[in-house]
Amino acid sequence: MSMKPLSLETIARVTGGRYVGPDALRGTCITGVVRDNRQVQPGNLFLCIRGARADGHSFAPAAYAAGAACCLAEQPLDNAAGPYILVDSTLRALRALAAHYRTLFRIPVVGVTGSVGKTGAKEMTAAVLSRRFNVLKTPENLNNEIGVPLTVLSLQEEHQAAVIEMGISDFGEMSRLADIVRPDICIMTNIGYCHLEALGDLEGVLRAKSEVFQFMKPDATAVVCGDDELLGTFDPGIRKITFGLGRQNTVHAENVRNLGFEGIVCDIVHGDSRISAHIPAFGSHMVLAALAAAAVGLTLGLSDEEIVWGIADFQPVGGRANVRRSGYITVIDDCYNANPNSVSAALLSLAGIQGRRVAVLGDMLELGTNSDQLHRDVGVLVGKLGIDALICCGKSAEFIYKGLISTGIRIPAWHFPMKEALLHTLPSLIRRDDTVLVKASHGMHFEELVRALLELQ
């Protein structure tokens with residue numbers, strides 16, 4: 001696969017930078033764009049980005065040694081072993097370069113945003129579209145102001161469609177991402193309690209995420225969850241298709257049957273058409289991801305058969321409702337991220353499993369002034385659902401524990417302020433054949449708990 005031609009002269013022009021190097025090399029075309037010198041391939045453009053722990057400029061010599069054709073830098077490179085382009089800000093230049101590169105493609109681009117379920121919807125949509133197209137998708141969760149432009153810049157001549165995840169935490173961020181992606185279709189999964197420290201409330205979350213619609217063409221399509229109270233009535237200013245469990249949605253599900261770890265079966269209904277689908281993923285919330293993918297597939301003219309087979313091809317991304325069996329217990333590894341909406345969905349799915357069910361829950365970060373109550377609400381839900389045991393870990397997670405206690409429902413429950421104490425005690429709390437859900441915000445690093453659980457015997 002090959003990148004569309006981008007010469008060093010063009011890169012300098014679109015980034016507003018100054019080319020430094022031999023004139024004879026101005027016409028050199030790059031083969032790819034990378035920010036990690038360990039990933040440099042001959043002919044790549046290397047991005048010198050200043051991070052919290054390291055300054056990319058110090059890795060320029062290693063990048064040249066690996067065959068980089070050029071570096072993009074915001075300070076002069078002493079004794080540079082090759083040409084470089086000097087810009088005011090490498091990050092701004094990266095965005096400008098990606099925005100230019102996006103204009104070179106006339107393919108359907110699907111943007112995916114929302115508070116919960118972005119990656120599941122992205123993966124499901126890419127699986128469906130791959131039944132007909134050669135699809136580029138955001139790798140893992142590289143959905144921020146570095147990941148999004150790098151994803152766009154990884155488009156190759158052979159790609160026929162793209163599915164790009166866009167994650168934000170503040171106002172204005174979506175505008176910067178959408179100015180690059182310019183989606184033809186945008187999926188919005190829901191509006192939930194996340195990043196409230198910056199966005200304030202649910203209306204703020206909607207306002208921040210809906211910035212995307214200002215960067216879409218008049219004939220573009222918004223694919224939104226009509227079950228969501230705010231999205232159901234929201235007018236994006238372009239064609240709107242809704243998906244969800246409610247029959248009022250353009251694409252909705254009926255006869256949903258949760259098969260536990262074997263996935264979910266349902267009928268996907270649109271207009272006069274009804275198609276039976278098997279979703280090979282744990283968690284009833286994955287029905288919404290399948291419906292979003294189906295709505296995109298229908299918008300792009302895929303047949304019902306292509307949609308069904310595409311959904312069947314879905315595979316979860318690591319750290320997201322990934323079912324892992326050790327032979328001693330079953331672990332639902334969902335420790336990539338957490339907010340009240342996603343934790344509630346995970347608990348509902350856990351409640352549908354046979355046998356002893358244990359929830360290991362940690363802090364949900366960035367919830368703003370209402371954080372304590374939102375954690376308490378999760379504890380109340382644990383009690384109402386009849387989960388068999390609750391293990392809480394972290395400062396805010398104490399309020400999950402207190403929420404359960406406040407219900408008066410007596411189930412085994414523990415709170416550990418520190419992860420180290422929980423790791424020490426964990427073997428005595430877990431029994432053979434337990435199903436253990438592990439969920440917390442990414443900053444809690446609960447992957448350590450997952451590893452410890454899988455080693456129990």
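This text follows the structure it describes.
Residues numbered from 1 in each chain as written. Predicted model: local features only at pLDDT ≥ 70, side-chain atom pairs only at ≥ 80, totals over all residues. Heavy atoms only, no water.

Trainee: Give a detailed account of the sheet that holds strand 4 (residues 70-73), specifying residues and quantitative values.
Mentor: Taken together, the five strands give an open sheet; going across it, the order is 1-5-4-3-2, and neighbouring strands pair in mixed fashion. Only two strands of the sheet have a single neighbouring strand rather than two, namely strand 1 (18-20) and strand 2 (32-34). Ignoring strand direction, the axes of neighbouring strands in this sheet form an average angle of 25°. Sheet analysis places strand 2 next to strand 3 (residues 44-47), joined by three bridges and oriented parallel. What sits directly across from Val33, in strand 3, is Leu45. The sheet strands contacting helix 1 (residues 8-15) are strand 1, strand 3, strand 4 and strand 5 (84-86), and the helix crosses strand 5 at an angle near 15°. (Pairing = 2+ DSSP bridges. Helix = DSSP H or I, 4+ residues; strand = E, 2+ residues; numbered from the N terminus. Axes fitted to C-alpha atoms, helices over the stretch in contact; angles between N-to-C directions. Contact = heavy atoms within 4.5 Å.)

Trainee: Provide a residue-level description of the environment of Ile238, including the pertinent values.
Mentor: Mapped onto the elements of the fold, Ile238 is located in the loop between helix 9 (229-233) and strand 11 (239-244). Separated by 213 residues in sequence, Ile238 and Arg451 have C-alpha atoms that sit 46 Å apart. Excluding residues that lie within four positions of it along the chain, Ile238 makes contacts with Phe213, Met216, Lys217, Pro218, Ala220, Thr221 and Ala222.

Trainee: Outline the nonpolar core, supporting the account with residue identities and numerical values.
Mentor: Counting residues in hydrophobic clusters, the biggest one holds 56 residues, and the most contacted among them are Leu45, Leu153 and Val212. Residues Val112, Ile185, Ile279 and Val287 belong to the second largest nonpolar core, which totals 40 residues. (Core = buried A, V, L, I, M, F, W, Y, C linked by side-chain atoms within 4.5 Å. Buried < 20%, exposed > 50% of the residue type's maximum accessible area, 1.4 Å probe, protein only.)

Trainee: So what's going on with the packing of aromatic side chains? Residues and values would help.
Mentor: Overall, the coordinates contain three aromatic pairs when judged by the stated rule. With a centroid separation of 5.9 Å and 35° between ring planes, the pair formed by Phe213 and Phe234 is classed as tilted. Taken together, the residues Phe213 in the loop between helix 8 (202-209) and strand 10 (221-225) and Phe234 in the loop between helix 9 and strand 11 connect sequence positions 21 residues apart. For Phe213, a relative accessible area of 6% corresponds to the buried category. Looking at Lys4, its charged tip hangs above the ring of Phe105, at a distance of 4.8 Å from the centre. (Phe/Tyr/Trp six-rings, centres within 6.5 Å; stacked < 30°, edge-to-face > 60°. Lys NZ or Arg CZ within 6 Å of the ring centre and 35° of its normal.)

Trainee: Can you break down the packing of helix 4 (residues 118-129) against helix 10 (residues 286-299) residue by residue, with the values?
Mentor: Contact geometry of helix 4 with helix 10 gives a least axis separation of 8 Å together with a crossing angle of 45°. Taken together, the axes of helix 4 and helix 10 lie oblique to each other. The element helix 4 and its partner helix 10 pack so that their crossing is right-handed. Contact residues: helix 4 offers Gly120, Ala121, Met124, Thr125, Val128 and Leu129, while helix 10 offers Met286, Ala289, Ala290, Ala293, Val296 and Gly297. A class-by-class count of the residues in the contact of helix 4 with helix 10 yields nine nonpolar, three polar and no charged. (Parallel < 35°, antiparallel > 145°, perpendicular 65-115°, else oblique. Left-handed = near helix turned anticlockwise from the far one by under 90°. Nonpolar A, V, L, I, M, F, W, Y, C, P; charged D, E, K, R; others polar.)

Trainee: Describe the pattern of salt bridges, and please don't skip the residues or the numbers.
Mentor: Using the criterion set out here, one finds 22 salt bridges in the structure. As a salt-bridge pair, Glu145 and Arg176 come within 2.8 Å of each other at their nearest N and O atoms. Highlighted residues: Glu145 in the loop between strand 7 (135-137) and helix 5 (147-152) and Arg176 in helix 6 (residues 173-181), separated in sequence by 31 residues. Given a relative accessible area of 33%, Arg176 falls into the partly exposed group. Lys439 is the salt-bridge partner of Asp334, the closest N and O atoms lying 3.4 Å from each other. (Salt bridge = Lys/Arg side-chain N within 4 Å of Asp/Glu carboxyl O.)

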